[in-house]
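Fold and contact review
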Amino acid sequence: MLCLVLRPGRLQPWVNWCRLAAPILCYVRPSNSVVGTTLKLADKLPQDILADEKHTYLNGHKCYIATTVAGDCIFGASVSLTAEAKGLTEAYSHFKTEAQNLSPSYAPKTVNIDGWTATHHSWLSLFKTVTPLLCFLHAFIKIRSRCKNQPFFPDLSRQVWHIYHAPDKATFKTRVQTLRQWAQATLPAGPALEAVLKLCHRQDDFLRAYDYPSAYRTSTMLDRQMDLMHRYLFSTKYFHLALARDQALAASRLKTQLLVNVSHDTRTPLNAILGYAEMLPDGSDPSG
């Protein structure tokens with residue numbers, strides 16, 4: 001049993017996580033387990049959302065929690081065993097299913113994502129009309145990680161966020177051009193300059209947000225929820241071992257019950273079939 005200490009002013013985020021605890025860790029997802037609990041009215045479904053993957057471990061293996069957030073609330077959180085488009089599409093599709101159970105024609109207008117191509121493809125596959133918006137914060141974080149200890153970083157940081165606060169597209173473009181010229185004249189060749197030029201190169205991706213005034217331009221809201229997610233997953237890290245053990249015991253019981261309830265004539269060849277089946281996931285060659 002998990003015991004959570006709720007602090008004043010922190011109740012709602014933890015309530016959201018209590019709702020999600022079993023689905024995330026046990027692959028058990030009752031119908032509308034997220035949207036149906038958090039949101040009851042179709043007209044309250046968010047038109048602008050944020051999405052990203054939380055990296056974690058399940059039974060010792062790396063996995064990804066495809067997370068959908070809006071209005072400071074988690075609307076979807078499903079496990080994908082891969083970071084490829086196929087796995088992420090299936091994980092994010094749970095949010096689509098639950099949302100469209102409330103409103104069959106539902107489709108968000110925008111989704112704020114980072115630069116991961118698989119995430120981009122996943123949302124376009126699920127919602128043909130959605131507009132992916134590139135997270136400006138992720139671009140800044142990449143720059144910061146490459147030069148935060150350099151003497152030029154404070155000036156660079158101010159210029160990057162000066163771009164972000166541009167009131168319109170024309171001003172945004174002008175400030176990007178100013179940053180590009182300054183960086184090429186000031187920064188030494190290396191990772192920092194490359195990150196700055198990459199931000200400048202993707203200006204059109206950032207400009208798209210100006211067409212959607214209500215959309216999220218950074219992932220700050222999503223990051224707040226993922227911070228809580230990280231604490232929760234860390235506190236339950238040993239639960240995965242118990243889960244693996246219980247799953248193995250359940251599978252063993254099912255196989256035993258099956259063999260006990262079939263006739264001897266059927267049981268003998270069935271033993272051989274089950275033995276071959278157990279070898280296949282390990283990549284073993286039955287022929288030796």
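Whatever comes next refers back to the structure up there.
Here goes a summary of the coordinates provided. Keep in mind that this is a model prediction, so the values were computed, not measured. (Residues numbered from 1 in each chain as written. Predicted model: local features only at pLDDT ≥ 70, side-chain atom pairs only at ≥ 80, totals over all residues. Heavy atoms only, no water.)

To continue, consider the packing of aromatic side chains. Using the criterion set out here, one finds 13 aromatic pairs in the structure. Note on F136 and Y164: the rings are 5.2 Å apart at their centroids and 45° apart in plane angle, and the pair reads as tilted. Separated by 28 residues along the polypeptide, F136 in helix 5 (residues 136-147) and Y164 in helix 6 (residues 153-164) bring together distant segments of the chain. This pair shows no difference in class: F136 is buried, exactly as Y164 is. Centroid distance F136 to F172: 6.5 Å. Interplanar angle 75°. Geometry classified as edge-to-face. (Phe/Tyr/Trp six-rings, centres within 6.5 Å; stacked < 30°, edge-to-face > 60°. Helix = DSSP H or I, 4+ residues; strand = E, 2+ residues; numbered from the N terminus. Buried < 20%, exposed > 50% of the residue type's maximum accessible area, 1.4 Å probe, protein only.)

For the rest of this paragraph, the subject is the packing of helix 5 against helix 6. Where helix 5 contacts helix 6, the two axes come as close as 11 Å, and the packing angle between them is 170°. Relative to helix 6, helix 5 is oriented roughly antiparallel. Along its contact with helix 5, which presents F136, L137, F140, I143, R144 and C147, the element helix 6 presents F153, L156, S157, V160, W161, I163 and Y164. Here the residues of the contact of helix 5 with helix 6 sort into eleven nonpolar, one polar and one charged. (Axes fitted to C-alpha atoms, helices over the stretch in contact; angles between N-to-C directions. Parallel < 35°, antiparallel > 145°, perpendicular 65-115°, else oblique. Contact = heavy atoms within 4.5 Å. Nonpolar A, V, L, I, M, F, W, Y, C, P; charged D, E, K, R; others polar.)

What follows deals with helix 7 (residues 169-186). Across its 18 residues, helix 7 extends 25 Å between first and last C-alpha, which sits within 8% of the 26 Å expected from 1.5 Å per residue. Within the span of helix 7, buried status applies to F172, R175, V176, L179, W182 and A183. Taken around the axis of helix 7, the buried residues stretch over an arc of 130°, which confines them to a single face. Opposite the buried face of helix 7, by more than 90 degrees, sit the exposed residues A170 and A185. Looking at the packing, one finds that the buried side of helix 7 touches helix 5, helix 6, helix 8 (191-201) and helix 9 (203-207). (Expected span 1.5 Å × (residues − 1). Arc of directions from axis to C-beta.)

Direction vectors running N to C along helix 3 (residues 85-102) and helix 4 (residues 117-126) enclose 45°, while the axes themselves pass 9 Å from each other. In terms of axis orientation, helix 3 runs oblique to helix 4. Our pair here, helix 3 against helix 4, has a crossing hand that is right-handed. Here A85, L88, T89, Y92, S93, F95 and K96 of helix 3 lie close against helix 4, whose contacting residues are A118, T119, H121, S122, W123, S125 and L126. Partitioned by chemical class, the residues of the contact of helix 3 with helix 4 number seven nonpolar, six polar and one charged. (Left-handed = near helix turned anticlockwise from the far one by under 90°.)

Summarising burial for strand 3 (residues 73-80): eight of the eight residues are buried, a large majority. The sheet contact formed by strand 2 (residues 61-70) and strand 3 spans seven bridges and is antiparallel. Its bridge partner being in strand 3, T67 is matched across the sheet by A77. Hairpin connection of strand 2 to strand 3: two residues between the antiparallel strands, including G71 at a positive phi of 55°. (Pairing = 2+ DSSP bridges.)

On to the pattern of salt bridges, then. Evaluated as defined, the whole model comprises five salt bridges. With a closest N to O distance of 2.9 Å, R224 and D72 form a salt bridge. On the criterion of sequence distance, the pair formed by R224 in helix 10 (residues 220-235) and D72 in the loop between strand 2 and strand 3 is long-range, its members being 152 residues apart. Of the residues examined, R224 reaches a relative accessible area of 41% and is grouped as partly exposed. With its nearest N and O atoms 3.5 Å apart, the salt bridge here joins D205 to R208. Of the residues examined, D205 reaches a relative accessible area of 22% and is grouped as partly exposed. (Salt bridge = Lys/Arg side-chain N within 4 Å of Asp/Glu carboxyl O.)

Another point: the sheet that holds strand 4 (residues 110-113). The strands making up a sheet are joined through hydrogen bonds of the backbone, oriented either antiparallel or parallel. On the basis of which strands lie adjacent, the open sheet formed by five strands has the order 3-2-1-4-5 and mixed pairing. Each edge of the sheet is formed by a strand with only one pairing partner; in this case those strands are strand 3 and strand 5 (131-134). Neighbouring strand axes in the sheet, compared pairwise and without regard to direction, differ in orientation by 30° on average. Bridge count for strand 1 (residues 48-58) against strand 2 is nine bridges, and the pairing is antiparallel.

In this section: unusual backbone geometry. Positioned with a positive phi, D72 is a non-glycine residue whose angle comes to about 60°. We classify D72 as partly exposed; its relative accessible area is 35%.

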